[in-house]
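Here's the letter readout for the chains.
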Amino acid sequence: MATLKAVRGTRDLLPPETELWNRIEAIARRVFARYHFGEIRTPIFEDTGLFARGVGEETDIVSKEMYTWEDRARAQSEKSQSLTLRPENTAGVVRAYIEHKLGETGQLQKLYYIGPQFRRERPQKGRYRQFWQIGAEVIGPPSAGSESPLRDAEVLEMLATLLDELHIEGWTLELNSVGSSADRERYNNVLRTALVEVAPKMCADCQRRAVTNPLRVLDCKVHEDQPFIEALPKIGDALDQASKDHFAAVTAALDAAGVPYKLNPRLVRGLDYYTRTTFEFTHGGLGAQNALLGGGRYDGLSEAIGGPKAPGIGFAIGLDRLVLTLQGQPKIALDTICVETPCHAYIAPLGEGQNAAALALARELRKSDLRIEIGDGSFRLKKSFEIANKLAWRIVILGEDEAKSGILTVKDFLSGVQAKVPRAELSAYLQKPADGVST
Ligand code: AMP
């Protein structure tokens, strides 16, 4: 029988790598809390219509990459429904914002999420069909200040802080403004006209986009098309005064906070609902898939999916790519956020008769928050020492004598010191740093 494997584009995450994922997530949660964000968890599948309307029918995501199926009705009271595994989380967050009438609180909502997303893309390094995102959204009624350029700058400054706290070195913040929807419409028309002449010389995708969604032409990565794209009119020239002022206020706040950025007039991002500020943080170590994270403002999204006016700004970090970046960095940086932590002690029962007592002792010690591994009484002492030496700072020997006397033999691997420790004092003894390490 053929062996079953994880589906193409998906993969298992195993320890100790999962430890690194957990550390990154913990640091992100800590940073978000400092900026007054709360966590939101939305369903992994949603009505297909949410993404068609909220991401845009013309986007690659919706037109080619979604995992969609028809969920058949199980009872007469149910209707069959087209469902989709979420390809991104912003649409789900905004749907929840509308559904729970969060706008009626009059407050700005600052929400973050961590979870898997699904896109049927061509898998390669840094690009998977199930991948993880850490993202956040700031959304609310205009009266709560949700349109303020200060919010854009705060989100960008928070991201710079997060990447610094993760010890990611060498990131670049690329920044642009795609203006209001009126600016974009104007620019799309300018582009469409400019493309009439050049599109026939470009790739098949660009020829299609030149008609359906000219803005998307700027996303093209085909090498031969780049000179044509460079020569196209720039979106910055099509912005009205209000959009220009908004963008100027974002960059002024970033300058004041000392967050470096690079203007990239071609950065329009793949999703239709973006307005004004768009951004990406890139990293040279990632190769072709160099975007660590992306985001932007989406002032019209809530209305596009049937909600009230609720401008917002958000981002999504590719967690898989964050991990790849950290793994590609010098070990020192990695160690500061992730050291594989050995157990405080390994309990070696001498003889199978001591197995039950070993479990009881481990239970007692784990209650004091110590990391404990237990051996097995069938192991010879030499084997126990070999295993213990690899995964713990100390070994605790539990034989018949120890069980009777209540005095345990503990050996510290680093110093080589062997001590007799009364059971009542064992937890405190193991809490003390073993020689040269801090617990
Ligand atoms: P997007 O939702 O397309 O704006 O993407 C935001 C971030 O998610 C990107 O910058 C990537 O880091 C990450 N990302 C997007 N698609 C994938 C994928 N197929 N595999 C891994 N990471 C991805």
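Keep in mind it's a predicted model, so treat the numbers as computed, not measured.

Peer 1: I'm lost on the nonpolar core in this one. Help?
Peer 2: A general tendency of soluble globular proteins is for nonpolar side chains to be buried together. In terms of nonpolar packing, the biggest core is built from 47 residues, with Ile-24, Phe-32, Phe-279, Phe-281, Phe-315 and Leu-322 touching the most fellow members. Broken down by element, this core gets its largest block of residues, eight residues, from helix H5 (residues 149–165). For Phe-32, the residues in contact, after removing those within four places along its chain, are Phe-37, Tyr-112, Ile-134, Met-158, Leu-162 and Phe-315. The next biggest cluster of nonpolar side chains, apart from the first, holds 20 residues, and it includes Tyr-187, Cys-206, Ile-235 and Ala-238.

Peer 1: In this structure, what is going on with the domain arrangement of the chain? I would like to understand it.
Peer 2: Note on interface size: it is often stated as the accessible area lost on association of the parts. Taken as a whole, the chain is organised into domain 1 (17–72 + 79–173 + 260–327) and domain 2 (343–431). The C-alpha-based centres of domain 1 and domain 2 are spaced at 47 Å.

Peer 1: When you look at H5 in this model, what are you seeing that I'm missing?
Peer 2: Residues separated by three or four positions in an α-helix point in the same direction, a consequence of the helix having 3.6 residues per turn. Between its terminal C-alpha atoms H5 stretches 24 Å, which fits the 24 Å expected from 17 residues at 1.5 Å a residue. Along H5, 12 of the 17 residues are buried, which leaves the element largely enclosed by surrounding structure. Listing the buried residues of H5 in full gives Pro-149, Arg-151, Asp-152, Ala-153, Val-155, Leu-156, Met-158, Leu-159, Ala-160, Thr-161, Leu-162 and Leu-163. At the N-terminal end of H5, a side-chain oxygen is found 3.0 Å from the backbone nitrogen of Leu-150, two or three residues along, and the residue is Ser-148.

Peer 1: Hey, could you run me through the pairing of strand S15 (residues 407–412) in this one?
Peer 2: Regular strands place their side chains on alternate faces of the sheet. Judged from the four bridges that link them, strand S14 (residues 392–398) and S15 form a sheet pairing that is antiparallel. Paired with Ile-397 across the strands is Thr-409, a residue of S15.

Peer 1: What exactly am I supposed to notice about the sheet that holds strand S1 (residues 38–39) here?
Peer 2: Hydrogen bonding along the main chain pairs the strands of a sheet, whether they run parallel or antiparallel. On the basis of which strands lie adjacent, the open sheet formed by eight strands has the order S1-S5-S6-S11-S10-S9-S7-S8 and mixed pairing. Bordering the open sheet on either side are S1 and strand S8 (262–263), each of which pairs with just one other strand. Here strand S10 (residues 291–297) pairs with strand S11 (residues 312–318) via five bridges, running antiparallel. Pairing of Gly-296 across the sheet is with Gly-314, part of S11. Across the sheet, helix H9 (residues 241–257) lies against strand S7 (171–177), S8, strand S9 (275–283) and S10, angled at about 160° from S7, the strand it touches most.

Peer 1: Please clarify how the pairing of S10 should be interpreted in this entry.
Peer 2: Burial analysis of S10 places six of its seven residues in the buried class, the great majority of the element. Summarising the sheet, S9 and S10 pair through six bridges and their orientation is antiparallel. If you follow Glu-280 over to S10, its bridge partner there is Gly-294.

Peer 1: Any chance you could explain the pattern of salt bridges here in plain terms?
Peer 2: Side chains that differ in sign of charge can pair as their charged atoms come close. In total, this model carries 21 salt bridges according to the counting rule given. Two residues, Arg-34 and Glu-165, come together in a salt bridge whose shortest N-O distance is 2.5 Å. Here Arg-34, found in helix H1 (residues 17–34), pairs with Glu-165, found in helix H5; they are 131 residues apart in sequence, far enough to count as distant. Three or more residues joined by partner-sharing salt bridges are found here, namely Arg-29, Glu-39 and Arg-41.

Rules and cut-offs
Residues numbered from 1 in each chain as written. Predicted model: local features only at pLDDT ≥ 70, side-chain atom pairs only at ≥ 80, totals over all residues. Heavy atoms only, no water. Core = buried A, V, L, I, M, F, W, Y, C linked by side-chain atoms within 4.5 Å. Buried < 20%, exposed > 50% of the residue type's maximum accessible area, 1.4 Å probe, protein only. Helix = DSSP H or I, 4+ residues; strand = E, 2+ residues; numbered from the N terminus. Contact = heavy atoms within 4.5 Å. Domains from an automatic or database assignment. Expected span 1.5 Å × (residues − 1). Polar contact = N/O pair within 3.5 Å; in protein donor to acceptor, adjacent residues only side chain to side chain. Pairing = 2+ DSSP bridges. Axes fitted to C-alpha atoms, helices over the stretch in contact; angles between N-to-C directions. Salt bridge = Lys/Arg side-chain N within 4 Å of Asp/Glu carboxyl O.

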